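# Breakdown of the fold
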Number of protein chains: 2
Amino acid sequence: MPPEIETAETAQVESARRRKTRDRLIDAAYEVFAETGVHAASVEMISERAGFTRGAFYSNFATKEELFFALAERENRIRFERLQEGVDVILPQVGEAALTERSLGELVTRFLELQSDDRRWCIVQSEFKLLAMRNAQVAASYVAYQRNFLEQLTEQIDAAVGSVGLRFTIEPIEAIGIIVNLYESAMQAAILEGDDGDSVSAPPLARAALPALVHALTEPIS
Amino acid sequence: MPPEIETAETAQVESARRRKTRDRLIDAAYEVFAETGVHAASVEMISERAGFTRGAFYSNFATKEELFFALAERENRIRFERLQEGVDVILPQVGEAALTERSLGELVTRFLELQSDDRRWCIVQSEFKLLAMRNAQVAASYVAYQRNFLEQLTEQIDAAVGSVGLRFTIEPIEAIGIIVNLYESAMQAAILEGDDGDSVSAPPLARAALPALVHALTEPIS
DNA sequence: ATTTTGCGATACATCAGTGTATCGGATACA
DNA sequence: TGTATCCGATACACTGATGTATCGCAAAAT
């Protein structure tokens, strides 16, 4: 008889308790990694921040890196889900059915705010990218995720652009790529300026330049 | 009598020998930091790479961070000098006096290649930025340098743009900021794609999109 | 050539972090 | 209420990195 499934319950590999401490450890890692960097963070710091000792850590993760990847996966998943809800969530905030070119910039901004919403995520993501730049293994999964995300985002925004009678003057996916870059670097600039407070939402630089950029990259349809 | 200056020679704080080993240590740090990251790099790795023991290191730098800053300062200085020579150096490569809109994109590309010329610098600079995002002290000097650099670059490129009868449709400094972003993220993308080899010059993505972006952000003068 | 000085090598003390093996208590189940 | 099990706490052995104090050699000065 197969020993791994006696009842359906037995197959439950993760107890509720276990899942909870895993989540608390990930939360703690999120904070500590953002504050000190992945390498500078010790297993002890993370465990302590979560209210555990290292015993709990090693019972749940083999290495600090494994925890780092678990964190990245969780946060990426959350943001991808938010993106897929997409326009349905944002349109009501911007102004219902009547989408004008003016409100288009606003809509794009909202899309970006949805994903890169706080200071810590910006920092942790930068660190993940840096890790990817040094490690081909990590790079592969990083670019796969980013590419997939960018495609989804392009699909949604391109539709919105079309619905106000505009189209991009260069490849839509490249245009969106450029816009995302602008937004991300504006986030980073806000952090560098010491714009403290957890949610660095709506960095002023992006608010100003982003609609102008959208305008510059689009033209009326034929 | 003042003890610090008996002759002019006595004031020579840095011997030639000392300067040379400092430079070798900085070179080594450049490599090791790029490969493993600042935190993961040990003083021993760096010293060994330079062909010394830790004794030499501690005789020249108090901490690893001090060396890191010395590296950043040296490399920034080099790139700023290159920038100031600027058009004089680049114009001959592009096509002498006859600057057309077509060759304008090429010229801008050359400007950017001048500064962010290799893979290692891209990585080390990313790490410096990350450090700045976590430390207000570092952030101050980082943004001061970047701002200064961007202003110089804008001055030169804006002049070139004007000389072919164009002008930016948004604030020139913001336009250049966006262009620099595109270029830098293209560099990073090239690294992530595993585009190995030391000089990742002319990342293909930038070659393609950059002229288009310049075109999109400019218009004929009145 | 001899002395002096500067600078890198060597050796040592210390510490912080890691991973593992074991223990004990809370929780689920009878 | 008793029992089994899971999971986090504790203790320990070990490694790698740090910083300092001292030594010895090579290059400069006289």
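The structure this text deals with has already been given above.
About the cut-offs
- Residues numbered from 1 in each chain as written.
- Chains lettered and ligands numbered in written order.
- Predicted model: local features only at pLDDT ≥ 70, side-chain atom pairs only at ≥ 80, totals over all residues.
- Heavy atoms only, no water.
- Salt bridge = Lys/Arg side-chain N within 4 Å of Asp/Glu carboxyl O.
- Helix = DSSP H or I, 4+ residues; strand = E, 2+ residues; numbered from the N terminus.
- Buried < 20%, exposed > 50% of the residue type's maximum accessible area, 1.4 Å probe, protein only.
- 1 Å grid on protein atoms, 1.4 Å probe; cavity = no way out; pocket = protein on both sides within 12 Å on 5 of 7 lines; lining within 4 Å.
- Points joined across faces, edges and corners; volume = space filled by probe spheres on them.
- Nonpolar A, V, L, I, M, F, W, Y, C, P; charged D, E, K, R; others polar.
- Least-squares fit on C-alpha atoms with pLDDT ≥ 70 in both.
- Contact = heavy atoms within 4.5 Å.
- Polar contact = N/O pair within 3.5 Å; in protein donor to acceptor, adjacent residues only side chain to side chain.

### With respect to the pattern of salt bridges
Residues and elements named next belong to chain A. Applying the stated criterion across every chain yields a total of 26 salt bridges over all chains. Here E35 makes a salt bridge to R49, at a shortest N to O gap of 2.9 Å. Within this pair, whereas E35 is found in helix α1 (residues 16-36), its partner R49 is found in helix α2 (residues 43-49), the two being separated by 14 residues in sequence. A residue is classified by how much of its surface remains accessible, and R49, at 39% relative accessible area, is partly exposed.

### What to know about the layout of surface pockets
One way to see where empty space is left: roll a probe the size of a water molecule over the atoms. In this model, the second largest pocket occupies a volume close to 610 Å³. H39(A), E127(A), H39(B), E127(B) and R134(B) are the residues nearest the centre of the second largest pocket, which is lined by 26 residues in total. Mapped by element, the contributors of at least two residues to the lining of the second largest pocket are α1, α4 (64-85) and α7 (119-134) of chain A together with α4 (64-85) and α7 (119-134) of chain B. The class makeup of the residues in the lining of the second largest pocket is twelve nonpolar, seven polar and seven charged.

### Some remarks on the relation of the copies chain B and chain A
Aligned on chain A, chain B shows an RMSD of 0.1 Å; the corresponding rotation is 180° and the shift along the axis is 0.0 Å. As the rotation angle and translation indicate, the two copies are arranged about a two-fold axis. Both copies share a contact surface, since 100% of the interface residues of chain B are interface residues in chain A too.

### Examining the side chain of T218(A)
Residues and elements named next belong to chain A. Mapped onto the elements of the fold, T218 is located in strand β2 (residues 218-220). According to the relative accessible area criterion, T218 is buried, its value standing at 10%. Here V214 takes part through its backbone oxygen, which lies 2.9 Å from a polar atom of the side chain of T218. Sequence-distant contacts of T218, that is, excluding residues within four places in its chain, are made with V161, L166, R167, F168 and T169.

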